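For reference, the chains in residue letters:
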Amino acid sequence: QVQLVESGGGLVQAGGSLRLSCAASGSIFSINAMGWYRRAPGKQRELVAVITSGGSTNYRDSVKGRFTISRDNAKNTVYLQMNSLKPEDTAVYYCYAQVSVHPRHEYDYWGQGTQVTVSS
C-alpha cells in the first residue's frame, strides 16, 4: 500500500507565504509524477502544479510566478512553495502521486487534503 502524508497548510494573510509538503511511503517501485490539486468552496477540483520524476513541471495559469513546485526523489517528497497568496487561493489542497508499485503497473494516489486559508 501507498500513503501520502501532507503538511504545511494553515491560515495566512494576503501577501503571505506557505510551504506545503507531501511524502509518499509504502510499496513504491518508482514515482512518475507528484503534484498538487485544490478544491475551493463551490468549485470543482483543479490542478495547481505537477512535477515529473525527470523534473518537468506544469502550473495553473493563475499561480504562475507565485507558486513553485519541487521534489526530492530520494525522499519521495514533493513541495509547493506558495508566495504572494491571495484570498482566492483559499482551498483544500490535495497531494497527488502517480506511483508504479511494479513495472508497467501505475496507479494514482491522493492525500487527505490540507486546508489553506488566506485572509484579506
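Look up a bit, the structure's there.
Let me sum up the structure you'll find in this document. Computed from a prediction, not measured in an experiment: that's the story for all the values here.

## Comments concerning the pairing of strand E9 (residues 91-102)
Here is step 1: Where strand E4 (residues 30-39) and E9 come together, 9 bridges link them in antiparallel fashion. Its bridge partner lying in E9, Ala 33 is registered against Gln 98.
Here is step 2: Summarising the sheet, E9 and strand E11 (residues 114-119) pair through 3 bridges and their orientation is antiparallel. Each bridged residue has a counterpart across the sheet, and for Tyr 93 the counterpart in E11 is Thr 114.

## Some remarks on the nonpolar core
Where a protein is soluble and globular, its nonpolar side chains tend to be buried together.
Here is step 1: Met 34, Trp 36, Leu 80, Met 82 and Tyr 93 are the most contacted members of the largest nonpolar core, which has 27 residues in total.
Here is step 2: Counting only elements with at least two residues in this core, the list comes to strand E1 (2-7), strand E3 (18-26), E4, strand E5 (46-52), strand E7 (67-72), strand E8 (77-82), E9 and E11.
Here is step 3: Element by element, the count of residues in this core is highest for E9, at 5 residues.
Here is step 4: Dropping the residues within four chain positions of it, Tyr 93 is found in contact with Glu 6, Leu 20, Trp 36, Tyr 37, Arg 38, Val 48, Phe 67, Leu 80, Met 82, Gly 113, Thr 114 and Val 116.

## Some points on the sheet that holds E7
Here is step 1: The antiparallel open sheet is built from 4 strands, whose spatial order is E1-E3-E8-E7. Of all strands in the sheet, those bounded by a partner on one side alone are E1 and E7. Geometrically, the sheet is characterised by an average inter-axis angle of 15 degrees between neighbouring strands, direction not taken into account.

## Thoughts on the side chain of Ser 21
Here is step 1: Topologically, Ser 21 is positioned in strand E3.
Here is step 2: Within the structure, the side chain of Ser 21 is placed 2.7 Å from the side chain of Ser 7, a separation counted as a polar contact.
Here is step 3: Aside from chain neighbours lying at most four places away, what touches Ser 21 is Val 5, Glu 6, Ser 7, Trp 36, Val 78 and Tyr 79.

## Side note on the pairing of E4
Moving residue by residue along a regular strand, the side chains alternate between the two faces of the sheet.
Here is step 1: In this sheet, E5 lies alongside E4 in antiparallel orientation, the contact comprising 6 bridges. Bridged to Trp 36 within E5 is Ala 49.
Here is step 2: Where E4 folds back onto E5 in an antiparallel hairpin, the turn is made up of 6 residues, including Gly 42, whose phi is positive at roughly 75 degrees.

## Here we look at the pattern of salt bridges
Here is step 1: Per the counting criterion, the structure on display carries 5 salt bridges.
Here is step 2: The residue Lys 64 makes a salt bridge to Asp 61 at a minimum N-O spacing of 3.1 Å.

## Topic: the state of the cysteines
Here is step 1: Counted under the stated rule, the structure contains 1 disulfide.
Here is step 2: Two residues, Cys 22 and Cys 95, share a disulfide whose sulfurs are 2.0 Å apart. What sets the handedness of the Cys 22 and Cys 95 disulfide is the S-S torsion sign, and at about -85 degrees it is left-handed. With Cys 22 in strand E3 and Cys 95 in strand E9, this pair connects stretches of sequence that are 73 residues apart. The exposure classification of Cys 22 matches that of Cys 95, with both residues buried.

Definitions and cut-offs
Residues numbered from 1 in each chain as written. Predicted model: local features only at pLDDT ≥ 70, side-chain atom pairs only at ≥ 80, totals over all residues. Heavy atoms only, no water. Pairing = 2+ DSSP bridges. Helix = DSSP H or I, 4+ residues; strand = E, 2+ residues; numbered from the N terminus. Core = buried A, V, L, I, M, F, W, Y, C linked by side-chain atoms within 4.5 Å. Buried < 20%, exposed > 50% of the residue type's maximum accessible area, 1.4 Å probe, protein only. Contact = heavy atoms within 4.5 Å. Axes fitted to C-alpha atoms, helices over the stretch in contact; angles between N-to-C directions. Polar contact = N/O pair within 3.5 Å; in protein donor to acceptor, adjacent residues only side chain to side chain. Salt bridge = Lys/Arg side-chain N within 4 Å of Asp/Glu carboxyl O. Disulfide = S-S within 2.5 Å.

These results come straight from atomic positions and should not be treated as a statement about function.
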